[in-house]
Amino acid sequence: NAGVMQNPRHLVRRRGQEARLRCSPMKGHSHVYWYRQLPEEGLKFMVYLQKENIIDESGMPKERFSAEFPKEGPSILRIQQVVRGDSAAYFCASSPRTSGGETQYFGPGTRLLVL
Amino acid sequence: GENVEQHPSTLSVQEGDSAVIKCTYSDSASNYFPWYKQELGKRPQLIIDIRSNVGEKKDQRIAVTLNKTAKHFSLHITETQPEDSAVYFCAALGSNYQLIWGAGTKLIIKP
């Protein structure tokens, strides 16, 4: 059973470009969470999704950021018109959310650098 | 709102000594409390978790205790080793089936 997959692992963008981060959850997991982490800081919740539904996006900036988890394919975190302050590690995690399935399993992260 | 407070933010202990990290949570309905370890440049990884129907759980050198009345839980690492150096995060399951995270503790093991 492959773990949570994220790609790319490293992404370099110039200011104003778009960044697309992908996350494939563990097999059998239908819940995905995206987090952002700045160097030497904690995990900041961004968005929680189920297949085809956004459950909670309270941690995601209203502008330039969007997320989806389609019926088929990976979850996508999209950042439009990136700025230097978007540089961070973005982690996704997945869980099965069955009874006793609250544990979140993390992917390796995508390190975004905005020049 | 729901929150989890974690202390200390940095903990430095001599190799071989014990380390204790404490967290308090606000939502009395929380019933699941995991601990994650994050090494530099790596992903957070679950090291131990506890549910509200038990007061303590052990796994080799790691143990977690839970006091539901006081709404706090602690991570105990005994006989610390250099490879224990990392950032440790506690969390509590909140409403909407989300984990509420502590701010993290940087554990430094001095040789």
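An account of the accompanying structure is given in this report.

Rules used in this analysis
Residues numbered from 1 in each chain as written. Chains lettered and ligands numbered in written order. Predicted model: local features only at pLDDT ≥ 70, side-chain atom pairs only at ≥ 80, totals over all residues. Heavy atoms only, no water. Helix = DSSP H or I, 4+ residues; strand = E, 2+ residues; numbered from the N terminus. Buried < 20%, exposed > 50% of the residue type's maximum accessible area, 1.4 Å probe, protein only. Polar contact = N/O pair within 3.5 Å; in protein donor to acceptor, adjacent residues only side chain to side chain. Core = buried A, V, L, I, M, F, W, Y, C linked by side-chain atoms within 4.5 Å. Contact = heavy atoms within 4.5 Å.

### Some words on the side chain of H31 of chain A
All names here are of chain A.
Argument step 1. Positionally, H31 belongs in strand β4 (residues 31-37).
Argument step 2. Exposure remark for H31: the relative accessible area of 5% places this residue in the buried category.
Argument step 3. Among the polar contacts listed, one links the side chain of H31 to the side chain of Y48, at a separation of 2.9 Å.

### Some thoughts on the nonpolar core
Argument step 1. Counting residues in hydrophobic clusters, the biggest one holds 24 residues, and the most contacted among them are W35, F73, L75 and L107 of chain B.
Argument step 2. If you list the elements that add at least two residues to this core, you get β2 (10-14), β3 (19-25), β4 (32-38), β5 (45-51), β7 (62-67), β8 (72-77), β9 (86-93) and β11 (105-110) of chain B.
Argument step 3. Look past the residues within four positions of L107 of chain B in its chain and what remains in contact with it is L11, V13, A19, I77, D84, S85, A86 and Y88 of chain B.
Argument step 4. Membership of the second largest hydrophobic core comes to 23 residues, among which are L49, V82, L112 and V114 of chain A.

### Describing the side chain of Q6 of chain B
Residues and elements named next belong to chain B.
Argument step 1. As for its position among the elements, Q6 is in strand β1 (residues 4-7).
Argument step 2. Only 2.6 Å separates the side chain of Q6 from the backbone oxygen of Y88, close enough to count as a polar contact.
Argument step 3. Here G104 takes part through its backbone nitrogen, which lies 3.1 Å from a polar atom of the side chain of Q6.
Argument step 4. When near neighbours in sequence (up to four residues on either side) are disregarded, Q6 contacts I21, K22, C23, W35, Y88, F89, C90, G102, A103, G104 and T105.

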